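Take a look at the letters that make up each chain.
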Amino acid sequence: MNTNDIKYFAQQARLLLLEGVSQRLIYWGFDAKGNNTETLEATHGGYLFRGEVYTDTTVPAKWNALRKKITSKQAVNDVVEQAAYTWFNRLMAIKILEENQYLDPTLQFAEGVHTPMLVQNAKQGNHTITSTTNRNLLIDLLKENQEEQAFALLITNLCNKNKLLHDVFGRINDYTELLLPHNILQKDGLIDLINNGHIEKEDYQEVELIGWLYQFYISDKKDEVFAGFKKNKKARAEDIPAATQIFTPKWIVKYMVENTVGKIYLDYETDSSLRSQMKYLVENESDKNRTTIIDDITELTLLDPACGSGHILVTGFELLFEMYMEAGYTARNAVNNILKHNLFGLDIDDRAMQLSRFAVLLKGAELLKGNGNGISVSREFMTNPTLIPHIYSFPEEQTFESEELQSFLGADGQQYSAELRDALTLLNQGKNIGSALKIDLSEEAVVCIEKQYNDWQQKQQTSALDIQELDIWNRLQPMMDVLLVLAKRYSAVVANPPYMGQKSMNEELKKYVNNNYPLSKSDLFSVFMEVCVNLT
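Residues numbered from 1 in each chain as written. Predicted model: local features only at pLDDT ≥ 70, side-chain atom pairs only at ≥ 80, totals over all residues. Heavy atoms only, no water.

J.: Whenever I open this one, a negative patch on the surface confuses me. Can you help?
T.: Taken together, the side chains of Glu269, Asp271, Glu322 and Glu326 make up a negatively charged region of the molecular surface. Take Glu269: it is sitting in the loop between helix H12 (250-268) and strand E4 (302-304). (Patch = residues over 30% accessible without salt bridge, like charges linked within 9 Å, V, L, I, M, F, W, Y side chains within 5 Å. Areas by Shrake-Rupley, 256 points an atom, 1.4 Å probe, with all protein chains shown as cover. Salt bridge = Lys/Arg side-chain N within 4 Å of Asp/Glu carboxyl O. Lys, Arg positive; Asp, Glu negative; His and termini not counted. Charge placed at Lys NZ, Arg CZ, Asp CG, Glu CD. Helix = DSSP H or I, 4+ residues; strand = E, 2+ residues; numbered from the N terminus.)

Structure below.
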């Protein structure tokens, strides 16, 4: 894998996306300082903008959401960065799926023309748009040779309709749709860059590619944040991911995983043939005195509390898979059990979390394919994933009325209402403090909350929640996902911790670590050493 080429590609892709998104902001009437210079008027069946009538009824709500988000120059920069990053993640996920035959040709150019297969197929009537309004809009765009607008409509539809893209990356149903660059198909544009071979075909087969793309994409942003540190600027919550995350080399990850997950398994299965396969396993005399801490492989849980793009979890997946196979499981049952019981991850960065989920699923598909199942089984696994990894990002702030929490807890859980309210209030600092948050829930409260979580999740899947309950659940579930991970303890906690000294921390972060980690407060890396111990 030529990481220099990958670095060039990721950095160029970011620059193209930042410029393209910025141009779209200007088109929608927002300048670099956040001032709004245009008005958009909703009409029956569409909207009026810049003196033209359009038939897309979804745009007014998205435009108004964008207007509310853009309140300052810093807000403009954040929106541009977030939208660019969102589109990079999804487009690269689509390209990886395409190159691994988990998705029909989509971004690659049709033979002899500079048109993605997604658009070329649509010209022949082959697409998955079902809305009458959007179908008519697509026909009009293709008739007028507006391929870039047609591509935007088709790619958004794909991201929302494809189960894996939807479940892993979420829906693109907000203003991000409005900010997909309109120069994306031009010569030397982003799709051209993606298709021109900077990343070798064999590299797309490597799950590790995701980590390198992630590190190199944020590398320029990291340089910008560190330049601010030299000017005594503090890291905002939005800056912490770029400032603290770095892709961990494979051998270091293997060393950590083999000497945690590996050792725990060898205590459980003392005669395992896997011992000889663990190249980085370090054994000593005291190992002979250890006793097993698990009674079944499903109890061998691995948490990465700052998982980034998921390299540690992917490596843990590989080793756990070998353990299950040694125990006589089929490949499919091994993969499903690992996703259901063994792997957990948290991160403050939404997009890192998405990449981590994607990487873990890709590893599952690779392991299935490599154990005699063929591409069809792996493609089905990736096309219709039934289990999404327990990897979550800390949610945005939410507030709940007492009645809403009481409704969630049910008649038998009212005594835990105060505990849950306090935990959720603390979790509102999660985007800034991450897994260093100390959640204080009694064992009884955790049992009750988990039971209610499972009940409400089941009700959602069977459409048994009423309108009010659905509103509560949509806001509460992202909080509960993280809360329940932090409230439990794990066989192994493995991380490459974030690194940030006190002088670069914002005041809220500094105050929290000073109050809660007096022995390790000088740097986040030492704080996370305590975090790892506390979670085992």
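J.: Explain helix H19 (residues 443-461) to me, please; I cannot follow it from the model alone.
T.: For H19, built from 19 residues, the straight-helix expectation of 27 Å at 1.5 Å per residue is met to within 8% by its first-to-last C-alpha distance of 27 Å. For H19, every residue scored as buried is listed here: Ala445, Val446, Cys448, Ile449, Gln452, Tyr453 and Trp456. Down the axis of H19, the buried side of the element spans an arc of 160 degrees, and every buried residue falls inside it. The exposed residues of H19 that point more than 90 degrees off its buried face are Glu443, Val447, Lys451 and Gln461. (Expected span 1.5 Å × (residues − 1). Buried < 20%, exposed > 50% of the residue type's maximum accessible area, 1.4 Å probe, protein only. Arc of directions from axis to C-beta.)

J.: What exactly am I supposed to notice about the state of the cysteines here?
T.: Two cysteines, two sulfur atoms, one covalent bond between them: this is a disulfide. As enumerated under the stated definition, the model contains 0 disulfides in all. For the unlinked cysteine Cys307, the closest cysteine sulfur is that of Cys532, found at 13 Å. Judged by its relative accessible area of 5%, Cys307 falls in the buried class. (Disulfide = S-S within 2.5 Å.)

J.: Would you take a moment to explain the packing of aromatic side chains for this structure?
T.: What characterises a pair of aromatic rings is the spacing of the ring centres plus the angle enclosed by the ring planes. Summed over all chains, the structure comprises 21 aromatic pairs. With centroids separated by 5.2 Å and ring planes inclined at 40 degrees, the aromatic side chains of Trp28 and Phe49 adopt a geometry described as tilted. Of this pair, Trp28 sits in the loop between helix H1 (3-27) and strand E1 (40-43) while Phe49 sits in strand E2 (residues 46-49); the two residues are 21 residues apart in sequence, bridging distant segments of the chain. Each member of the pair Trp28 and Phe49 is classed as buried. (Phe/Tyr/Trp six-rings, centres within 6.5 Å; stacked < 30°, edge-to-face > 60°.)

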